[in-house]
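One-letter residues, chain by chain:
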Amino acid sequence: MNQTLEQRRECQKSHLDGIDQLNTCTCPQIIPSQMNDHTIERPKTHLLRDRQAHKLLDNDIEGNGQNVTNSSNVGEHYGPSIELIYAIDDRPPWYLCILLALQHYILAFGGIIAIPLILAEPLCVSHDNGVKSQLISTIFFVSGICTLLQTTIGTRLPILQGGTFSFITPTLAILSLPQWKCQHSEVFNGTGNFSIDNTELWQPRMREIQGAIIVASILQLLLGFSGLIGLLLRFIGPLSITPTITLIGLSLFGEAGKKCGAHWGIAALTIALIVIFSQYLRNLELPFISYNKGEFKISKYPVFKLFPVLLGMCLSWLICYILTYFNVLPRNPADYGFAARTDINIDAIINSPWFHVPYPGQWGWPTVSLSSVLGMISGVLSSTIESVGDYYTCSRLSGAPIPPTHALNRGIGMEGIGCILAGIWGTGNGTTSYSQNIAALGITKVGSRLVMQIAGILLILLGLFGKFGAIFITIPEPVIGGMFMVMFGMIASVGMSNLQYVDLNSSRNLFILGFSIFSGLVIPTWLANNPGIISTGIKEVDQTVTVLLTTNMFVGGFFGCFLDNTIPGTDEERGTSAWHKQMHAGKTNGSEGQSCYDLPFVTKYLRRLSWSRYIPFLPTFQMDRN
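Residues numbered from 1 in each chain as written. Predicted model: local features only at pLDDT ≥ 70, side-chain atom pairs only at ≥ 80, totals over all residues. Heavy atoms only, no water.

Digging into the overall build of the protein chain
Now for step 1: In terms of helices and strands, the protein chain carries 25 helices and 6 strands.
Now for step 2: Relative to its 626 residues, the protein chain shows a buried fraction of 57%.
Now for step 3: By sequence separation, contacts in the protein chain at least 24 residues apart represent 79% of the contacts at least 6 residues apart.
Now for step 4: Accessible area for the protein chain stands at about 26000 Å²; split by element, carbon and sulfur atoms hold 64% of it. (Helix = DSSP H or I, 4+ residues; strand = E, 2+ residues; numbered from the N terminus. Buried < 20%, exposed > 50% of the residue type's maximum accessible area, 1.4 Å probe, protein only. Contact = heavy atoms within 4.5 Å. Areas by Shrake-Rupley, 256 points an atom, 1.4 Å probe, with all protein chains shown as cover.)

Printed below as a string of structure tokens:
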């Protein structure tokens with residue numbers, strides 16, 4: 001019992017300490033056979049309704065005689081207690097919901113805002129503040145819609161949806177084709193505005209990306225709603241996942257370098273602040289005054305663990321403002337360090353509308369080409385695998401049982417719908433589950449679904465205010481570059497963390513790992529330096545092969561998956577047995593105690609229909625009854 005509890009604490013701690021964990025951490029669970037005489041066994045419904053049962057179980061786990069489930073709103077808690085104040089079906093007070101939702105928004109904003117800023121240059125709008133402001137508002141707006149869909153109809157877990165870096169690499173590969181390269185015709189007048197109308201310059205590029213995302217995301221929709229995602233996972237192991245995710249981070253080093261190069265001093269300051277807050281001060285809790293049940297009390301809050309990126313960026317932003325105010329930074333655009341000024345793009349706030357409603361097709365009708373769609377599929381598959389791991393982690397941190405098959409299928413299918421919506425609205429990206437927000441559930445001890453739904457509403461509302469999106473345009477480039485350095489490095493390291501399951505003493509595994517990652521760097525770089533080298537005589541084939549082979553994550557993931565499944569090796573050597581066991585640990589196919597995954601309003605009617613047990617994404621799916 002003690003060993004199991006210690007493993008669980010250590011597992012949760014290691015998962016929550018990262019800035020942006022993208023992989024699941026499956027912690028050992030307490031089962032009735034492991035409980036002692038002081039522990040209340042779980043009833044057959046798997047619901048701990050009795051408060052005294054919660055208290056006894058919590059005292060047994062912590063040994064401190066304190067009941068941590070102290071909210072008067074605690075309702076149905078699923079599975080063993082994990083010290084939650086509010087579990088998945090609980091409804092905190094409205095004011096607390098808003099504060100917690102705002103916190104989730106702040107946690108996600110760094111990842112969401114980074115995507116339009118990365119795409120600005122390849123879309124040829126690097127100096128067009130109006131377009132960048134609209135893109136930021138659009139991606140916030142669509143992220144809110146997708147969050148509501150996922151928490152209400154999808155997995156129904158408290159998971160925030162936002163833009164994904166998995167789509168960035170294939171997008172950059174598509175925009176690097178000769179017909180989409182910027183012609184450097186834009187004229188920058190030094191005030192943050194274009195001297196010409198560049199609508200016809202960037203919108204065709206956006207429509208090409210929109211079409212690729214919409215069509216490629218149909219695959220994710222089919223994988224989910226058809227139940228094929230389980231079959232796909234059988235062929236994917238750590239040696240397939242590691243090069244795929246690692247190369248997402250490694251392939252973006254150029255973007256980080258460009259922005260950091262605008263002023264390495266400010267970029268280094270941003271990096272140093274984020275590292276200090278996230279690593280050295282992560283266990284430091286600051287006191288604050290809280291009000292509970294008619295009395296004030298002093299509590300401690302892990303500010304640096306929750307907001308390291310936000311704090312680092314804001315402090316660097318403030319310092320740039322001070323340096324700009326006293327004219328320490330150069331005022332001539334040709335001088336080094338000019339990009340660190342905060343008044344370059346101030347006109348973006350002035351000229352942006354107060355209220356702007358993003359709408360489908362706002363950039364025109366999407367265009368579709370085979371090369372773009374096939375290139376984007378690699379991003380779709382990578383995002384899908386990441387999300388499956390997120391679902392298992394979120395279920396544990398929100399007090400829910402392990403997701404049944406129908407919830408996993410429905411969640412992936414709903415992410416496909418979310419990506420299609422993102423393509424229709426024109427965010428230039430798709431949507432996926434945000435792991436940093438899942439990690440925050442374990443820190444705040446609040447796993448309420450309602451909180452995340454309000455966070456989705458908040459994303460929608462803030463996406464409607466054009467001036468709010470324009471504020472982010474004033475962030476100096478080197479500050480953004482410093483954030484990119486940390487975030488992209490974290491993505492690469494999270495990809496490599498999957499190697500913990502693999503036998504690294506095996507020459508077979510070392511060959512697959514080294515060859516797949518190295519190929520994912522060499523081949524795309526060579527093709528980028530030799531444009532037009534692929535010439536089969538058929539334009540469509542040339543473009544398709546070029547996009548695929550210039551997408552780092554596709555090349556690395558393809559070789560990793562192909563070699564891992566064709567070169568002889570045991571499951572233990574490949575790490576697949578340990579990886580799948582960790583991902584599916586504790587999984588049950590029984591429908592008992594899984595009412596939190598039921599579809600709202602309609603589940604009771606579905607149970608009366610015999611044919612509904614054959615539909616893979618319905619709560620009545622037959623496999624969940626075995």
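A look at helix α20 (residues 507-529)
Now for step 1: The terminal C-alpha atoms of α20, which comprises 23 residues, lie 32 Å apart, in line with the 33 Å expected from a rise of 1.5 Å per residue.
Now for step 2: Of all the bends in α20, the greatest, near 25 degrees, is centred on Ser519.
Now for step 3: Those residues of α20 that sit buried are Arg508, Asn509, Ile512, Leu513, Ser516, Ile517, Ser519, Gly520, Pro524 and Leu527.
Now for step 4: Each element contacted by the buried residues of α20 is listed here: α8 (238-250), α21 (539-549), α22 (552-566) and α23 (571-574). (Expected span 1.5 Å × (residues − 1). Bend = angle between axes of the 7 residues up to and from the residue.)

A closer look at the packing of aromatic side chains
Now for step 1: Going through the model one piece at a time under the given rule, you end up with 16 aromatic pairs.
Now for step 2: Taken together, a centroid distance of 5.7 Å and an interplanar angle of 15 degrees make the contact between Phe511 and Phe515 stacked. Of this pair, Phe511 and Phe515 both sit in helix α20, 4 residues apart, which is roughly one turn of the helix.
Now for step 3: Taking NZ or CZ as reference, Lys467 lies 5.1 Å from the ring centre of Trp354, over its face. (Phe/Tyr/Trp six-rings, centres within 6.5 Å; stacked < 30°, edge-to-face > 60°. Lys NZ or Arg CZ within 6 Å of the ring centre and 35° of its normal.)

Details of helix α12 (residues 308-325)
Now for step 1: Taking 1.5 Å of rise per residue, 18 residues should cover 26 Å, and α12 covers 26 Å from first to last C-alpha, within 8% of that figure.
Now for step 2: Trailing α12 by a residue or two, Asn327 shows a phi angle of about 55 degrees, which is positive.

Thoughts on the pattern of salt bridges
Now for step 1: The full count for this structure, using the stated rule, is 7 salt bridges.
Now for step 2: Of the charged contacts, one joins Arg508 and Asp564 as a salt bridge, the two residues approaching to 3.0 Å between their closest N and O atoms. Here Arg508, found in helix α20, pairs with Asp564, found in helix α22; they are 56 residues apart in sequence, far enough to count as distant. Exposure class is identical for Arg508 and Asp564. Each is buried.
Now for step 3: For the salt bridge of Arg574 with Asp564, the shortest nitrogen-to-oxygen distance reads 3.1 Å. Of the two residues, Arg574 sits in helix α23 while Asp564 sits in helix α22, which places them 10 residues apart along the sequence.
Now for step 4: A relative accessible area of 12% means that Arg574 is categorised as buried.
Now for step 5: Take Asp564: its relative accessible area is 1%, and that puts it in the buried class. (Salt bridge = Lys/Arg side-chain N within 4 Å of Asp/Glu carboxyl O.)

Overview of the packing of helix α10 (residues 264-280) against α12
Now for step 1: The contact between α10 and α12 brings their axes to 8 Å, and the two run at 145 degrees. Classified by chirality, the crossing of α12 by α10 is right-handed. Listed contacts from α12 to Ile266, Leu269, Thr270, Leu273, Ile274, Phe277 and Ser278 of α10 are Pro308, Val309, Leu311, Gly312, Leu315, Ser316, Ile319, Cys320 and Leu323. (Axes fitted to C-alpha atoms, helices over the stretch in contact; angles between N-to-C directions. Left-handed = near helix turned anticlockwise from the far one by under 90°.)

Re the nonpolar core
Now for step 1: Core analysis: the largest hydrophobic core is formed by 99 residues, its most contacted members being Phe165 and Phe488.
Now for step 2: Looking at this core, the element that brings in the most residues is helix α3 (residues 94-119), giving 12 residues.
Now for step 3: Beyond its immediate stretch of four places on either side in the chain, Phe165 contacts Gly111, Ala114, Ile115, Ile118, Ile248, Leu252, Met487, Phe488 and Ile491. (Core = buried A, V, L, I, M, F, W, Y, C linked by side-chain atoms within 4.5 Å.)

Brief notes about the state of the cysteines
Now for step 1: Enumeration according to the criterion identifies 1 disulfide in this entry.
Now for step 2: With its sulfur 1.8 Å from that of its partner, Cys124 forms a disulfide with Cys182. Of note, the bridge from Cys124 to Cys182 carries an S-S torsion of about -105 degrees and is left-handed in sense. Pair noted here: Cys124 is in the loop between α3 and α4 (129-152) and Cys182 is in the loop between α5 (168-175) and α6 (199-225), with a separation of 58 residues, a long-range link. (Disulfide = S-S within 2.5 Å.)

Considerations on the confidence of the model for the protein chain
Now for step 1: Residues at a pLDDT of 70 or more form 80% of the protein chain, whose mean pLDDT is 78.
Now for step 2: Mean pLDDT per element in the protein chain: strand β1 (residues 47-48) is the minimum at 34, and helix α15 (residues 405-425) is the maximum at 94.
Now for step 3: Counted against residues more than four places away or in other chains, residues 1-5, with its pLDDT under 50, gives 9 contacts.
Now for step 4: Scored below 50 in pLDDT, residues 586-592 shows 18 contacts in the model against residues more than four places distant or in partner chains. (pLDDT = per-residue confidence, 0-100.)

Side note on the environment of Ile209
Now for step 1: Looking at the secondary structure, you find Ile209 in helix α6.
Now for step 2: Look at Ile209 and you get buried, because its relative accessible area is 1%.
Now for step 3: Distance in space between the C-alpha atoms of Ile209 and Gly423 is 7.8 Å, their sequence separation being 214 residues.
Now for step 4: Those residues in contact with Ile209 that sit more than four places away from it in its chain are Thr171, Ile174, Leu175, Met376 and Gly428.

Description of the side chain of Gln210
Now for step 1: Mapped onto the elements, Gln210 comes out in helix α6.
Now for step 2: Engagement of the side chain of Gln210 in a polar contact is seen with the backbone oxygen of Gly423, the distance being 2.7 Å.
Now for step 3: Sequence-distant contacts of Gln210, that is, excluding residues within four places in its chain, are made with Trp363, Gly364, Pro366, Gly423, Ile424, Trp425 and Gly426. (Polar contact = N/O pair within 3.5 Å; in protein donor to acceptor, adjacent residues only side chain to side chain.)

Here we look at the packing of α8 against helix α19 (residues 477-496)
Now for step 1: Across the interface, α8 lies against α19 with an axial gap of 7 Å and an inter-helix angle of 170 degrees. Taken as axis vectors, α8 and α19 run roughly antiparallel relative to one another. α8 and α19 meet at a crossing whose hand is left-handed. Within the contact between the two elements, α8 uses Thr242, Ile245, Thr246, Ile248, Gly249 and Leu250 and α19 uses Phe488, Ile491, Ala492, Gly495 and Met496.
Now for step 2: The residue makeup of the contact of α8 with α19, split by class, is 7 nonpolar, 4 polar and no charged. (Parallel < 35°, antiparallel > 145°, perpendicular 65-115°, else oblique. Nonpolar A, V, L, I, M, F, W, Y, C, P; charged D, E, K, R; others polar.)

Some points on the environment of Asp390
Now for step 1: Following the sequence through the fold, Asp390 ends up in helix α14 (residues 370-397).
Now for step 2: You can call Asp390 buried: its relative accessible area is 3%.
Now for step 3: Linking Asp390 and Ser435, residues 45 residues apart in sequence, is a C-alpha distance of 6.4 Å.

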